[in-house]
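Understanding the architecture of this molecule
Here are the chains, one letter per residue:
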Amino acid sequence: MAINFDTALGIEPKALAFREKRGEILAANLANADTPNFKARDMDFKSVLKQSLTSGVAMERTNAGHIAPQQQVVGANVMYRNPYQVSLDGNTVEAHVEQAKYAENAVQYQASLQFISNKFSGLMTAVRGQ
Amino acid sequence: MASSSIFDIAGSGMNAQSLRLNLVASNISNANSVSSSAADVYKSRQPVFAAELDKVINKQNATSKVNVLGVVEGQDAPVMEYAPNHPMANSDGYIFKSNVNTVEEMANMMSASRSYQNNVDVLNTAKQMMLQTLKMGQ
């Protein structure tokens, strides 16, 4: 039985990349909280997961030595947020909402990180055989 | 590492908000300045923010930093007051006071300092996330 990082870690590295990207978008929302006409944006985990599981376009591998392409999270759909209260200057950032989402995202990032860490320590246990 | 752009974004936000705080300080300290003509009197100054789209990836996925387009002067007319004994009074006996609204500026200051704090918090969280990522697998 060969130890393969791809199968061992599963979906977690992609989830981590998604959290990172989402953190970036939410940080941009918070930085632009006072910019007129700025529209707040966010990513939906569910739709990205769906896209990732049923990736329509894949590269063909004609040789066993070809490396499988990585699935990209960067192409994930970024959507505009519907504000609870609109403001006159056309800005749809609501600082408290963005703060909550950013905190949520940070915790989920740490959770993904912990999962990966645990997978690694599991692998280490397997390698050591003790 | 991609999340280092969070530092850029939060940094640009802090930069914009600190400029705003600077302008508020300038406005409040000059709120009581007086002049003998409407053209010379101090006028309130406000920053103009705009989102700066990164052109690296396509437009939809680009994250935006805050760009300060410039500083504009308030359009309100300066307050004219009849004070013939004032040393700055013009030949008709009028002085001109700056159009700074101190109450507005105080509210502006609170908003700017809260936004600044928000950006600092974002930066701290991003820093913690990166440090934890460095410790992965240990």
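Going by an unreviewed UniProt entry, chain B carries the name Flagellar basal-body rod protein FlgC and comes from Methylobacter tundripaludum. A UniProt comment under Subunit (unreviewed entry) is attached to chain B, and it reads "The basal body constitutes a major portion of the flagellar organelle and consists of four rings (L,P,S, and M) mounted on a central rod. The rod consists of about 26 subunits of FlgG in the distal portion, and FlgB, FlgC and FlgF are thought to build up the proximal portion of the rod with about 6 subunits each."

Comments concerning the overall build of chain A
Along chain A, the regular secondary structure elements total four helices and two strands. A buried classification covers 36% of the 130 residues belonging to chain A. Sequence separation of 24 or more characterises 78% of the internal contacts of chain A that already satisfy a separation of 6 or more. Counting every atom, chain A has about 8,200 Å² of accessible surface; 57% of that belongs to carbon and sulfur.

A look at the sheet that holds strand β4 (residues 79-82) of chain B
Residues and elements named next belong to chain B. Spatially, β1-β5-β4 is the arrangement adopted by the three strands of the open sheet, whose pairing is antiparallel. In this open sheet, the two strands that pair with only one neighbour each are β1 (34-35) and β4. Bridge analysis of β4 against strand β5 (residues 94-97) gives four bridges, and the strand direction is antiparallel. Across the sheet, the residue bridging to Y82 is Y94, located in β5.

Thoughts on the UniProt feature "domain: Flagellar basal body rod protein N-terminal" (unreviewed entry) in chain B
Mapped onto this structure's residue numbering, the UniProt feature "domain: Flagellar basal body rod protein N-terminal" (unreviewed entry) falls at residues 8-32 of chain B. Here residues 8-32 of chain B runs as 88% helix and 0% strand, with 38 Å between its end C-alpha atoms.

Topic: helix α4 (residues 95-128) of chain A
In a regular helix each residue adds 1.5 Å, so 34 residues correspond to 50 Å; α4(A) covers 49 Å between its end C-alpha atoms and thus fits that length. Lining the buried residues of α4(A) we find α1 (5-9) and α2 (12-31) of chain A together with α1 (4-29) and α2 (102-134) of chain B. Looking one or two places after α4(A), you find A:G129, whose phi comes out positive at around 65°.

With respect to the UniProt feature "domain: Flagellar basal-body/hook protein C-terminal" (unreviewed entry) in chain B
Look at the UniProt record and you will see "domain: Flagellar basal-body/hook protein C-terminal" (unreviewed entry) annotated at residues 93-135 of chain B. Counting secondary structure, residues 93-135 of chain B comes out at 77% helix and 9% strand; the distance between its end C-alpha atoms is 73 Å.

Things to note about the interface of chain A and chain B
Across the contact, 29 residues belong to chain A and 34 residues belong to chain B. Its largest share of buried area at the contact with chain B, chain A owes to A:E24, A:D34 and A:Y102, together 20% of the area lost on that side. Linking chain A with chain B are one salt bridge, by the criterion used here. Between the two partners, chain A and chain B, sit ten residue pairs in polar contact (both at pLDDT 80 or more). Contributions of two or more residues to the side of chain A that touches chain B are made by α2 and α4 of chain A. At ten residues, the largest contribution of residues to the side of chain A that touches chain B is made by α4(A).

A few points about the packing of aromatic side chains
Counted under the stated rule, the structure contains two aromatic pairs over all chains. Judged by centre distance (5.2 Å) and plane angle (70°), the rings of A:F18 and A:F45 are edge-to-face. You can see A:F18 sitting in helix α2 and its partner A:F45 sitting in helix α3 (residues 45-53), a full 27 residues away along the chain. On the numbers, 5.3 Å between centres and 65° between planes, the contact of B:Y82 with B:Y94 is edge-to-face. Here the residue B:Y82 occupies a position in strand β4, and B:Y94 occupies one in strand β5, the gap between them amounting to twelve residues.

What counts, and where the lines are drawn
- Residues numbered from 1 in each chain as written.
- Chains lettered and ligands numbered in written order.
- Predicted model: local features only at pLDDT ≥ 70, side-chain atom pairs only at ≥ 80, totals over all residues.
- Heavy atoms only, no water.
- UniProt positions renumbered as here; feature names shortened; annotations may be inferred.
- Helix = DSSP H or I, 4+ residues; strand = E, 2+ residues; numbered from the N terminus.
- Buried < 20%, exposed > 50% of the residue type's maximum accessible area, 1.4 Å probe, protein only.
- Contact = heavy atoms within 4.5 Å.
- Areas by Shrake-Rupley, 256 points an atom, 1.4 Å probe, with all protein chains shown as cover.
- Pairing = 2+ DSSP bridges.
- Expected span 1.5 Å × (residues − 1).
- Buried area = accessible area lost by both parts, 1.4 Å probe.
- Salt bridge = Lys/Arg side-chain N within 4 Å of Asp/Glu carboxyl O.
- Polar contact = N/O pair within 3.5 Å; in protein donor to acceptor, adjacent residues only side chain to side chain.
- Phe/Tyr/Trp six-rings, centres within 6.5 Å; stacked < 30°, edge-to-face > 60°.

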